[in-house]
Amino acid sequence: MKILVAVKQVSALDEDFEIRDDGRDVDPEFFIRDLNEWDDFSLEEAVKIKEAAAEPVEVVAVSVGAGEADESLRKCLAKGADRAIRVWDAAIEDSDSIAIARVLAAVAKREAPNMLFAGVQSSDHSFASTGIATAAFLGWPHAAVVSSLAYSPGAKSAVFRRELEGGLLQEVEIQCPAVLTIQLGINTPRYASLRSIKQAAAKPIEVLSLADVALRAADVGEAGSLSRVRRMYVPDKGRAQLIDGDAAQQAARLADIIREFKGAAP
Amino acid sequence: MSGILVIAEQRRGELRPVSLELLGAAEGLRRTGDEVAVAILAGAPDRFVGALSVAGVDEILTVKVASPEFDADTFESAVGALIAKRSPDVVLVAHSVDSFGFAAALAARLGLGFATDVFNAERIDGELVATRGGYGQKVSIEVDFPGRSTVLLAIRGNVFKAPEQAASPRVTAFDAPQAASRAAGRDFIELSAGDDVDMAAAEFILTIGRGIGEEAKVAQFRELADAIGATLGCSRPIADAGWLPKSRQVGQSGKTASACKLYIAMGVSGAIQHLAGMKHVSTIIAVNSDAEASIFGVAKYGIVGDIFEIAEELRSLF
């Protein structure tokens, strides 16, 4: 039995970031990279299922990214993934979430897992579409925003709750194999122990090329994408009126605003 | 290829308000001669005709489907059939949990131009350009769709204005192929967490976020909220960690601070999902140690500082 977990090394921005010269992305020098927060939960969900299963289950983390993504894959290995796969090729640069999904689907075809998890979205580009598009390329059933899950590896179906807007949930039964996108809060991701971090550092990461997963350059990058970044810019934002002073002065002003509000309230 | 197809959303017999906002977005993209058609997929779609008969709609497409509630296979098949039949150049859906479940799959399968969480869409030199946020909304990103004759856009909620005037669009029943569904929707469950607080009714809310750092600090803010007469709320990470019940979570998947007039956010960074539940509040005060936190973009007043120190000082004044 196997669960494939798609993960992404996301980028947050340093305080004084600058836009790249071509105006189409942020200068990578200002990226602070980490494993996508959602993916921490989907990996944990897979590891929990593995630990609860009667039969052996292999948890495989896969990421599409350049060498720096190894850091996130090592994190996954330290947190309980058995294997890690990274796919990269210069042609993948400028891929949108759909082109990335095509690569993930190609890896899934090769790995033939019983279930595929992805995060609901990534914290950097938040397309909320990679997992579901991967399902489309595989022709698999799929569901988004899963906030609780009952699944035994190898079972023909799984029952989950999807988290809707406004504090509503819906229970759904889905045929497997399936792609589920996992929501924050579905579990409590574990911390990696020092020992497991050390062990993970010694584990190999399989690095695959496009050819290894039977894709061509035209399947990815701009040609394989459904959108293209035209321009990136820092928007003019509304800006709060700052309350200055030391903490006592700031709190005093805050207290005034509260009293004013309470005075006005009926 | 012409015209705009809007996919409305319904849940448990109610039209979701974002459906009408999509019509506002459609109006901005309409070119001379373009028709705007809005499709409603439901077990009994006719019952939504009244609610969808608003200005800017030329045609309502009623699509009777077997599944009374959202189902990914059903939507992909029916919306795919609508696109094949009508060849619209733009298809609009809401950036919602339901479309998370089908829009990307449909776009991938049909090779449609595709962007999500779009808060602006316009034509520049005849080309459709959509704007979305990136890197925690710190940048705006314009995307285009070279070579795509149909573009599917998932539109952010609470951005476009719903048309208010009633109209009398023509109504067409659309016969969609019935898909074999690989998932079965069961019951809906209302979130309740043994806490009878009504965030939607609270007029004064003090919200805590990830910045509080540890569970032991919750008590300090609970006590502060009591002292100043505020209802204590939280952002997602606090509820996910179980530090406060889910019923106190403000945001897209939690509660909307509908009646709130004064909102103090302490240690809340301001993720877009949180802002969806509170950015409409007239007086928002953000307290955060990170001067770049996006919460300052929607706040009226901002305090850059240590939330614990501010909380302690504030407590001493009540």
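Residues numbered from 1 in each chain as written. Chains lettered and ligands numbered in written order. Predicted model: local features only at pLDDT ≥ 70, side-chain atom pairs only at ≥ 80, totals over all residues. Heavy atoms only, no water.

Draft legend 1. Up close: the pairing of strand β14 (residues 204–208) of chain B. All names here are of chain B. With respect to burial, β14 is a largely interior element, five of its five residues being buried. Of the two faces of β14, both are covered, the one formed by Phe204, Leu206 and Ile208 as well as the one formed by Ile205 and Thr207. Here five bridges tie β14 to strand β16 (residues 262–266), and the two strands are oriented parallel to one another. Bridge pairing in β16 places isoleucine 205 opposite tyrosine 263. Inspection of the sheet shows β14 paired to strand β15 (residues 231–234) by four bridges, in the parallel sense. Within the sheet, the bridge partner assigned to isoleucine 208 lies in β15 and is cysteine 234. A crossover connection joins β14 to the parallel β15 through helix α6 (residues 218–228); in handedness this β-α-β unit is right-handed. (Buried < 20%, exposed > 50% of the residue type's maximum accessible area, 1.4 Å probe, protein only. Helix = DSSP H or I, 4+ residues; strand = E, 2+ residues; numbered from the N terminus. Pairing = 2+ DSSP bridges. Right-handed = clockwise from strand over helix to strand, strands pointing away.)

Draft legend 2. Focus on the domain arrangement of chain B. Residues and elements named next belong to chain B. Domain boundaries in chain B define domain 1 (4–173) and domain 2 (199–315). Using C-alpha coordinates to define each centre, domain 1 is positioned 33 Å away from domain 2. In this assembly, five residues from domain 1 lie in contact with five residues from domain 2. With both sides pooled, the region where domain 1 packs onto domain 2 buries about 390 Å², and carbon together with sulfur makes up 50% of that total. In this structure, the connection of domain 1 to domain 2 is made through zero salt bridges. Along the contact surface separating domain 1 from domain 2 lie zero residue pairs in polar contact (both at pLDDT 80 or more). Its residues assigned to classes, the side of domain 1 that touches domain 2 shows no nonpolar, three polar and two charged. (Domains from an automatic or database assignment. Contact = heavy atoms within 4.5 Å. Buried area = accessible area lost by both parts, 1.4 Å probe. Salt bridge = Lys/Arg side-chain N within 4 Å of Asp/Glu carboxyl O. Polar contact = N/O pair within 3.5 Å; in protein donor to acceptor, adjacent residues only side chain to side chain. Nonpolar A, V, L, I, M, F, W, Y, C, P; charged D, E, K, R; others polar.)

Draft legend 3. Expanded view of the packing of helix α4 (residues 130–138) of chain A against helix α5 (residues 103–110) of chain B. For the pair α4 of chain A and α5 of chain B, the least separation of the axes is 7 Å and the interaxial angle reads 45°. As far as their axial angle goes, α5 of chain B and α4 of chain A are oblique. By crossing handedness, the relation of α4 of chain A to α5 of chain B is classed as right-handed. The residues of α5 of chain B that touch α4 of chain A, namely those facing Ile132, Ala133, Ala136 and Phe137 of chain A, are Ala104, Ala105 and Ala108 of chain B. Class assignment of the residues belonging to the contact of α4 of chain A with α5 of chain B gives a composition of seven nonpolar, no polar and no charged. (Axes fitted to C-alpha atoms, helices over the stretch in contact; angles between N-to-C directions. Parallel < 35°, antiparallel > 145°, perpendicular 65-115°, else oblique. Left-handed = near helix turned anticlockwise from the far one by under 90°.)

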